[in-house]
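# A look at the structure
Each chain, letter by letter, is given below.
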Amino acid sequence: MRKLLLTLLTLTVMISNARSDVAAQTRRQRAERVDLLVLGGTVVTMDEGRRILHDAGIAIKDGRIVAIDTAVAIRSKYSALQTLTAHGKLIVPGLINGHTHIPMTLFRGLADDLDLQEWLTKYIFPAEAKNVTEEFVRVGARLGLAEMIRGGTTTYCDMYYFEDAIADETAKAGVRGVLGETVIDFPVADNKTNAEAMAYVERFVRRWKGHELIVAAIAPHSPYTVSEEHLKAARAFSDRTGAPIVTHISETKREVDDSVKAKGASPVAYLDRIGFLNDRVIAAHMVWPQDGETSILKQRGVGIVHNPQSNMKLASGVSPVPRMMQEGLLIGLGTDGAASNNDLNMWEEMDTAAKLHKVFSGDPRVLSALQAFELATIRGAQALHLEKEIGSLEVSKRADLLIIERDSLNQIPLYNVYSDLVYATKSNDVQTVIINGRVVMRNRRLLTLNEGEIKRSARVFREKIAQSLSLPTAP
Ligand SMILES: [Zn+2]
């Protein structure tokens, strides 16, 4: 009798196991296959309603977000080869660095504590003339890309020479970029004449057309280094190809005064007069817009990138960012090159932006933590004219996102998400970085770049640059 009961019991257990196996299998079969799931954690969406979702999940397929819901709902609807868990962590949109000259990481600390004119003409232009090669650009770009991924930057907007090589390094690293090849009216490392530069840009834009990470752009350096004829040609090229235009406008008071003297108009009025401004232009700085110029910038749909640390370091002035935001202009945030910052750290840049405008206006409410975080995410996307693709965590947008630790001493305790992100979180707190659905850093380990090799080759360049300028050997 006991033996019979035992057999019956064993049979019942076997049947119920088989049933639950079948149920799990059916669930798996019914579940939609995606590439990557991020489960648990608090999602800071930066969508229209600025929703914050607790214990949430994100499903990612073909580089895009296909669903955001509760972790339970995502787990039951989707299955993936790779799943990242983010319990107790923050999931935020990848940061957007709206203005860089990425290879200038190799000039970090070369010349500091000078104003823009002296810094550019006595140090940076000569150092570039003696050192910039395609190899220099590749090594500097890899150094900058590694620094940016570690700090949670998933998209950057660049202007430099040999930009095609920068695009190549950027695509290999799996980072998103709006990358502008420089057009400037003096011979530079990659192109000696405007005709050469325009031919380069033509090939460059054609090569990267339709790439999922790279947007190739034309970058006339500024209205004071590029003639009216060449600015108009850049605009015509952009009209024909759809390529964005990356430039610097109204960075210093001197630029405005010189422009008024030489052209009878301040930079924005002059550029508008020659028909240069439109909604493909991305203009760094805009520290000194004159009366009435912000309405021109708004009408034309120009994207503006605020670089508070670079502007402070070169004593260029304080851009009227809170007023321009209020007027509805498209404004993002950038670091500028590492030679005038001296890093590519967007956490510092957000913190600086919020605090600079408070002290400058005497009003602590003038730029909030939420607004500073917007500048580095959704507003940054608007400034690069990419808001349909990036800048927030929403279904159908590109899957560019960060998992942020919340366990560092500098983050404890936590009362407000945006305050925590802008005033307390540091780049070391970025744990995992996903760009276009691909994990490029996992648990602080870079997966697309070789950090040791990057440091070695950057140090080799340091010696070459020092020798070319007769600087002492490494301190
Ligand atoms: Zn710049």
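Our structure's up above, just so we're on the same page.
Residues numbered from 1 in each chain as written. Predicted model: local features only at pLDDT ≥ 70, side-chain atom pairs only at ≥ 80, totals over all residues. Heavy atoms only, no water.

## Topic: the overall build of the protein chain
- Scanning the protein chain from N- to C-terminus turns up 17 helices and 19 strands.
- Against the 2.2 N^0.38 benchmark of 23 Å for 475 residues, the protein chain shows a C-alpha radius of gyration of 25 Å, consistent with a compact globule.
- C-alpha atoms of the protein chain, sized along the principal axes, occupy 110 × 45 × 45 Å.
- Within the span of the protein chain, comprising 475 residues, buried residues form 58% of the whole. (Helix = DSSP H or I, 4+ residues; strand = E, 2+ residues; numbered from the N terminus. Rg over C-alpha atoms; globule rule 2.2 N^0.38 Å. Buried < 20%, exposed > 50% of the residue type's maximum accessible area, 1.4 Å probe, protein only.)

## Some thoughts on the side chain of Thr105
- Relative to the helices and strands, Thr105 resides in the loop between strand 8 (95-100) and helix 3 (116-131).
- For Thr105, a relative accessible area of 3% corresponds to the buried category.
- Reaching out from Thr105, the side chain makes a polar contact with the backbone oxygen of Gly140 at a distance of 2.9 Å.
- Beyond its immediate stretch of four places on either side in the chain, Thr105 contacts Gly140, Leu143, Gly144, Glu147, Ala338 and Leu344. (Polar contact = N/O pair within 3.5 Å; in protein donor to acceptor, adjacent residues only side chain to side chain. Contact = heavy atoms within 4.5 Å.)

## Details of the sheet that holds strand 4 (residues 56-61)
- With respect to topology, 4 strands assemble into an open sheet ordered 5-4-1-6, the strand pairing being mixed. At either end of the open sheet lies a strand with only one pairing partner, and these are strand 5 (64-70) and strand 6 (78-85). Neighbour-to-neighbour, the strand axes of this sheet turn through a mean angle of 25°, independent of strand direction.
- Looking at chain direction, strand 1 (residues 32-39) and strand 6 are connected through 7 bridges and run parallel. Across the sheet, residue Leu36 finds its bridge partner in strand 6, namely Gln82. (Pairing = 2+ DSSP bridges. Axes fitted to C-alpha atoms, helices over the stretch in contact; angles between N-to-C directions.)

## Quick look at the sheet that holds strand 18 (residues 438-442)
- Ordered by their spatial adjacency, 7 strands build an open sheet running 3-2-7-16-17-18-19, and the pairing between neighbours is mixed. Edge strands, defined here as strands with exactly one partner in the open sheet, are strand 3 (52-53) and strand 19 (445-446).

## Quick look at unusual backbone geometry
- For the bond from Asn341 to Asn342, the omega torsion is 10°, close enough to zero to count as cis.
- On the secondary structure map, Asn342 appears in the loop between strand 15 (330-333) and helix 13 (346-361).
- Cis geometry marks the peptide bond from Ile412 to Pro413, where omega comes out at -5°.
- Relative to the helices and strands, Pro413 is located in the loop between strand 16 (401-404) and helix 16 (417-424).

## Topic: the coordination of the zinc ion
- Taken together, the protein ligands of the zinc ion are His99 (NE2), His101 (NE2), His248 (NE2) and Asp336 (OD), with distances of 2.0 to 2.6 Å.
- Read N to C, the donor residues that coordinate the zinc ion are spaced as H-x1-H-x146-H-x87-D. Here His99, found in strand 8, pairs with His248, found in strand 12 (residues 245-249); they are 149 residues apart in sequence, far enough to count as distant.
- A relative accessible area of 5% places His248 in the buried class. (Donors = N, O, S within 2.8 Å, 3.2 Å for Na, K, Ca; no water.)

## Thoughts on the packing of helix 4 (residues 134-150) against helix 17 (residues 451-468)
- At a closest axis distance of 9 Å, the pairing of helix 4 and helix 17 adopts a crossing angle of 135°. Of the possible angle classes, the one that applies to helix 4 and helix 17 is oblique. Of the two possible hands of crossing, helix 4 and helix 17 adopt the one that is left-handed. Note on element contacts: helix 17 touches helix 4 through Glu451, Ile454, Ser457, Ala458, Phe461 and Ile465, opposite Glu135, Phe136, Val139, Arg142, Leu143, Ala146 and Arg150. (Parallel < 35°, antiparallel > 145°, perpendicular 65-115°, else oblique. Left-handed = near helix turned anticlockwise from the far one by under 90°.)

## Considerations on the packing of aromatic side chains
- Inspection of the entire model under this criterion finds 6 aromatic pairs.
- A centroid spacing of 5.2 Å and a plane angle of 40° characterise the contact between Phe107 and Phe136, whose relative ring orientation is tilted. Remark: Phe136 occurs in helix 4 and Phe107 occurs in the loop between strand 8 and helix 3; sequence separation between them is 29 residues.
- Phe107 gets classed as buried once you look at its relative accessible area, which sits at 0%.
- Overall, the relative accessible area of 0% leaves Phe136 in the buried class.
- Considering the side-chain rings of Tyr200 and Phe204, the 6.3 Å spacing of their centres and the 50° angle between planes classify their relative orientation as tilted. Here Tyr200 and its partner Phe204 are both found in helix 6 (residues 194-208), 4 residues apart, which amounts to about one turn of the helix.
- The class for Tyr200 is buried, based on a relative accessible area of 10%. (Phe/Tyr/Trp six-rings, centres within 6.5 Å; stacked < 30°, edge-to-face > 60°.)

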